[in-house]
Structures are given as C-alpha cells and as structure tokens.
Amino acid sequence: MTGFLLRRLGGAVFVLLSLTVALYAVFYVAPGDVAQIACGPRCSPAQVAQVTGQLRLDDPVYTQYWHFLHGIVAGRDFSTGTGVEHCSAPCLGVSYQSDQQVMQLILAELPVTGSLVIGAFVLWILLGVGTGVLSAWRRGRITERVLTWLTLAGTTTPVFVIGLLLIIIFCSTLRWLPSPTYVPFTENPEQWAWGLLLPWVSLALIESAKYARLTRSSMLETLAEDHVRTFRAYGVGERAIIGRHALRGALAPVIALSALDIGSMFGGAVLTESLFGIPGIGRELVHAVKVVDLPVVVGMVLVTGFFVVIANAVADMLYALADRRVVLS
C-alpha cells in the first residue's frame, strides 16, 4: 500500500507540472495583450508599460515559470505599484485583475464548490443506486421500462435545461423555494440548505441517470452469476440476495466512478454555478479565462487537478476494498 501511494504521489506531481507547462505554453501563444487587459481599454501606452513591468510580463516565459514554481515552494514578493507584497508558500501568484492572492481566492471559493458537489453527490448516489437496483430487480416489468425511459431522459437533458425548469416551476410559478443563492453553513445552516437545494437537485438528476444505468447493468451481471443461482436454489429470498450479496458486488464500479466524479466536479460544475449564480471555483475559472488572468487559471487548474488525482487514488483503494479480487500494485 505504501509503495502504491508513493508511486501515485510521484505521478500526481508529474501530471500537475505538465498541466502548468501546458497552460503557460497556451497562454503565451494566445492572442491579446495581458497588460492592456489588466490596465483597461483607456490606459495610455505609458500606463500599459508600467503594468507590464509591475506584473513582470517582460521577463522570458521560462523565468516567469520558474518564479511561479519557486513561489509554490518558498513564497515570493510582488510589486503592487506603491510597494511590495509578500505571498507566503504555497503561493500560486496574484490575480492580474483583482490583485488578490490566488490561494486566498481559492480558499474563499472552495467551501462554496464543496457545498455544491458534496450535497449533489449524496442525492445522486441515493437516487442513482436506488433506481438502478429497482430497475434490475423489476427486470422485464413496466417499472423497469419507466425507469429506463427516465434515466435516458436524464442522461440526454442538459443541466441548464433542468435548472431553468426547476427555477421557473419552484421559484417563479409555485413560489415554494427562494431564489438559489449561497449562504455559508456557519452563518445559517437552514438558508444554506434551501439556497443550494435546486442546484443540488439539477446536478444530481444528471449524474444519477448515469449511476442508475451503471448500477442496473452491474446488478444484472451479478444476479446472473453462479453463487446467486446457488442462493436461489437453497431458497434464499430475492430481497436478501439483492441486499446482502448482489448489491456489494455491483457497487464496486459505482464506488470507483463516484470518487472520480467528485474530483472532477470541483472544477467541472461550471454550468451549474453559472446558471444559479453560485460564486464557486468553476464560475471564477471561466471568468479568469475570459480576461486572460493566467495566475488564477493556473492556480485553479492545479487545485482541481489535485482533487482529480487524489480521487483517482481513492477510487482505486475503494475498488480494492469493495472487490477483494482486485490487488493494488
């Protein structure tokens, strides 16, 4: 297990470094003057030159990249125009647009995205696994056909369509729910839950459809195995077979996929955050790409990449725990 974790750690460092190199390369071949964008359209050439020097954009790209890596390990200093600001390690740079340290920006938005992803995850696992088990249990009956149609509809419907429908129905027409907004859990847990309910449901409906199809196919495979037929021959009830024996084997791929999805959702719930106005990492990343704010883009991609790499390792370990035939190597 120790060797497996060390190899995964080394692989994670390589992947994250490759990501930063790719982002710097793409950034410097992309069109647009970063200093002009950061300064504003009405800045004079002298002011743009001042911003270029302040942001050290006139340094060679490899020098800027080295300063970035050095900041992660040992911190670095930044010019604010009127003085020098120190950014402590791990320093991911300072935003070109807001002059805010990227690490502080990420730490402020991480609980928002975390609240969205974890709440939706609980819903989509309960709904997806429950639907998949019921569909496999009722194979060939009207229940299976209805659930299959619903999961197909959920898989093919974009999240912004579901989100808009939920807002129109529950917020504008019925007025059962307040407009989606984010309130920190520590300030008011009740408003936190009500404000995130619709984003949770819209994201969970999309993901649960995928998990329902995966659980159903895994359950059908498990129910066709020899040991299940032996249980039936000895008179074990169908509910006991599904609940005690078949479900555990069917959950192994579901566990592996759920760990990966949680990791990727920290940077991938962009549409949900944008649609409901949630100030999370995904929405901030899209804005940073639009305004060519390289430090914010690199920092947020690094953080989301970190979660994906960690989720991969956790998925492998959970898969081995759920299926003892799997050996970590």
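Scroll up a little and you will see the structure.
What counts, and where the lines are drawn
Residues numbered from 1 in each chain as written. Predicted model: local features only at pLDDT ≥ 70, side-chain atom pairs only at ≥ 80, totals over all residues. Heavy atoms only, no water. Phe/Tyr/Trp six-rings, centres within 6.5 Å; stacked < 30°, edge-to-face > 60°. Buried < 20%, exposed > 50% of the residue type's maximum accessible area, 1.4 Å probe, protein only. Lys NZ or Arg CZ within 6 Å of the ring centre and 35° of its normal. Core = buried A, V, L, I, M, F, W, Y, C linked by side-chain atoms within 4.5 Å. Helix = DSSP H or I, 4+ residues; strand = E, 2+ residues; numbered from the N terminus. Contact = heavy atoms within 4.5 Å. Salt bridge = Lys/Arg side-chain N within 4 Å of Asp/Glu carboxyl O. Disulfide = S-S within 2.5 Å.

1. Comments concerning the packing of aromatic side chains
Logical step 1: Going through the model one piece at a time under the given rule, you end up with 9 aromatic pairs.
Logical step 2: Ring geometry for phenylalanine 185 and tryptophan 192: centres 4.9 Å apart, planes at 85 degrees, overall edge-to-face.
Logical step 3: Ring centres of phenylalanine 306 and phenylalanine 307 lie 5.9 Å apart, and the angle between their planes is 70 degrees; on these two criteria the pair is classed as edge-to-face.
Logical step 4: Judged by relative accessible area, phenylalanine 306 falls into the partly exposed class, the value being 42%.
Logical step 5: We classify phenylalanine 307 as partly exposed; its relative accessible area is 23%.
Logical step 6: Aromatic ring contacts, followed pair by pair, group Tyr24, Tyr65 and Phe68 into a single cluster.
Logical step 7: Directly above the aromatic system of tryptophan 137 lies the positively charged group of arginine 138, at a separation of 4.8 Å from the ring centroid.

2. Things to note about the nonpolar core
Logical step 1: In terms of nonpolar packing, the biggest core is built from 36 residues, with Met219 and Leu223 touching the most fellow members.
Logical step 2: Looking at this core, the elements with two or more residues in it are helix H5 (102-137), helix H7 (159-173), helix H8 (189-223) and helix H10 (238-268).
Logical step 3: If you tally residues by element for this core, the top one is H8, at 11 residues.
Logical step 4: Setting aside its immediate chain neighbours within four residues, leucine 223 contacts Val228, Arg232, Glu238, Ile241, Ile242 and Ala246.
Logical step 5: Of all hydrophobic cores here, the second largest spans 30 residues; its members include Ile281, Leu294, Val301 and Val303.

3. Examining the pattern of salt bridges
Logical step 1: Under the counting rule described, the total for this entry stands at 4 salt bridges.
Logical step 2: One salt bridge in this structure joins lysine 210 and glutamate 207, with 3.1 Å as the shortest N-O distance. You can see lysine 210 and its partner glutamate 207 sitting in helix H8, 3 residues apart, about one turn around the helix.
Logical step 3: The class of lysine 210 is partly exposed, set by a relative accessible area of 33%.
Logical step 4: The class for glutamate 207 is buried, based on a relative accessible area of 9%.
Logical step 5: Between lysine 210 and aspartate 261 there is a salt bridge whose closest N-O contact spans 3.1 Å. With lysine 210 in helix H8 and aspartate 261 in helix H10, this pair connects stretches of sequence that are 51 residues apart.
Logical step 6: On the accessibility criterion, aspartate 261 (10% relative accessible area) is buried.
Logical step 7: What you see here is one network of salt bridges that share partners, running through Glu207, Lys210 and Asp261.

4. What to know about the state of the cysteines
Logical step 1: Following the criterion strictly, the structure yields 1 disulfide and no others.
Logical step 2: Each sulfur of the disulfide joining cysteine 87 and cysteine 91 lies 2.2 Å from the other. When the S-S torsion is 110 degrees, as for the bridge of cysteine 87 with cysteine 91, the disulfide is right-handed.
Logical step 3: For cysteine 87, a relative accessible area of 1% corresponds to the buried category.
Logical step 4: Residue classification places cysteine 91 among the buried positions, given a relative accessible area of 1%.

That is the geometry; function is a separate question.
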